[in-house]
Amino acid sequence: LVDSSVKGKNYPHRLVVTENDTLVVKWDADKLKDVMESDKDIESAFLQSMYVELIQGLRRQRSDEERKKDRRSKLQRRAAKRTTAQIMSDSLHEFESIAKHAIHNGRTYEERNPDGS
């Protein structure tokens, strides 16, 4: 109705019906435009329903994008936690090795400080 250059072209999207009681409505664009021009109540109602559908579609799209973004963020946080946990594990393992070596080969406090200071 707004862009006459799209008339006669195939609809570029695939429509999938998700409910059995879906009703498909089809209008002749020129006749609909004539009716809308002659009856402003019909024009107003038709445009309002199109705007509502447009807004709902945009909200669904934004919501889907936000969910995808949240999923990516969660995956990135999990990967960071795994990396941090691995670093901590490696550090603890290294500390344990150093501590075992020090205990096995080290001297006691008394041996290091014979005068008690």
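For every chain, the first residue of its written sequence is number 1, and the numbers climb from 1 along that sequence. Thresholds applied to this predicted model are a pLDDT of at least 70 for local features of residues and 80 or more for the giving and counting of side-chain atom pairs; totals over whole chains, interfaces and linings are not thresholded and use all residues. The side-chain quantities take in all heavy atoms of the structure and omit both hydrogens and water.

A. The arrangement of the overall build of the protein in detail. A tally of helices and strands in the protein yields 3 helices and 0 strands. When the helices and strands of the protein are read in sequence order from the N terminus, they spell out α-α-α. Total accessible area on the protein stands at roughly 11500 Å², and carbon and sulfur atoms take up 54% of it. Put simply, DSSP marks the helices as runs of H or I at least four residues long and the strands as runs of E at least two long, and each gets a number from the N terminus on. All accessible-area figures derive from a Shrake-Rupley calculation using a 1.4 Å probe, and residue coverage is judged against the displayed protein chains alone.

B. Quick look at the layout of surface pockets. A volume near 1400 Å³ is recorded for the largest pocket. A pocket, in this scheme, is an open set of points on a 1 Å grid over the protein atoms alone with protein on both sides within 12 Å along at least 5 of 7 lines, while a cavity is a set where a 1.4 Å probe fits but cannot get out; residues line either one if an atom lies within 4 Å of a point. If you go around the largest pocket, you meet 28 residues; those closest to its centre are Y11, L15, V25, W27 and M50. The dominant element in the lining of the largest pocket, judged by the number of residues it contributes, is helix α2 (residues 40–105), at 4 residues. Gly falls in the polar group here, along with every residue not listed as nonpolar (Ala, Val, Leu, Ile, Met, Phe, Trp, Tyr, Cys, Pro) or charged (Asp, Glu, Lys, Arg). In terms of residue class, the lining of the largest pocket is made up of 16 nonpolar, 5 polar and 7 charged. Grid points are joined across faces, edges and corners, and a volume is the space filled by probe spheres set on the points.

C. Spatial organisation of a nonpolar patch on the surface. On the surface, Y51, L54, I55 and L58 cluster together to form a nonpolar patch covering roughly 390 Å² of accessible area. Inspection of the secondary structure puts I55 in helix α2. Only protein chains enter the accessibility calculation, which uses a 1.4 Å probe; a residue is then buried when its area is under 20% of its type maximum, exposed when over 50%, and partly exposed in between. You can call I55 partly exposed: its relative accessible area is 39%. The patches described consist of residues with a relative accessible area above 30% and no salt bridge, like charges being joined within 9 Å and nonpolar side chains (Val, Leu, Ile, Met, Phe, Trp, Tyr) within 5 Å. Here, a salt bridge means any Lys or Arg side-chain nitrogen found within 4 Å of an Asp or Glu carboxyl oxygen.

D. Seen up close, the packing of aromatic side chains. A pair of Phe, Tyr and Trp rings is counted when the ring centres sit within 6.5 Å of each other, with Trp represented by its six-membered ring. The angle between the planes then sorts it: under 30 degrees is stacked, over 60 is edge-to-face, the rest tilted. If you walk through the whole model with that rule in mind, you get 1 aromatic pair. With centroids separated by 5.1 Å and ring planes inclined at 85°, the aromatic side chains of W27 and F46 adopt a geometry described as edge-to-face. On the criterion of sequence distance, the pair formed by W27 in the segment before α1 (29–38) and F46 in helix α2 is long-range, its members being 19 residues apart.

E. Spotlight on the pattern of salt bridges. In the structure shown here, the tally under the stated rule is 3 salt bridges. Close ionic contact of K40 with E43 constitutes a salt bridge, the shortest N to O distance being 3.1 Å. Here E43 and K40 lie together in helix α2, a separation of 3 residues that amounts to about one turn. Note that D64 and R67 form a salt bridge whose closest N and O atoms lie 2.3 Å from each other. With D64 and R67 both in helix α2 and 3 residues apart, the pair spans about one turn of that helix.

F. The arrangement of a positive patch on the surface in detail. Among the surface-exposed residues, K68, K69, R71, R72, K74, R77, R78, K81 and R82 lie close enough to one another that they form a single positively charged patch. Note that R77 resides in helix α2. The charged-residue count follows a simple rule in which Lys and Arg add positive charge and Asp and Glu add negative charge, with His and chain termini not counted at all. We put the charge of a Lys on NZ, of an Arg on CZ, of an Asp on CG and of a Glu on CD.

G. Fine view of the confidence of the model for the protein. Looking at the protein as a whole, its pLDDT mean stands at 80, while 87% of the residues score no less than 70. The quantity known as pLDDT measures the predictor's confidence residue by residue, on a range of 0 to 100. No element of the protein has a lower mean pLDDT than helix α3 (residues 109–112), at 63, and none a higher one than α1, at 87.

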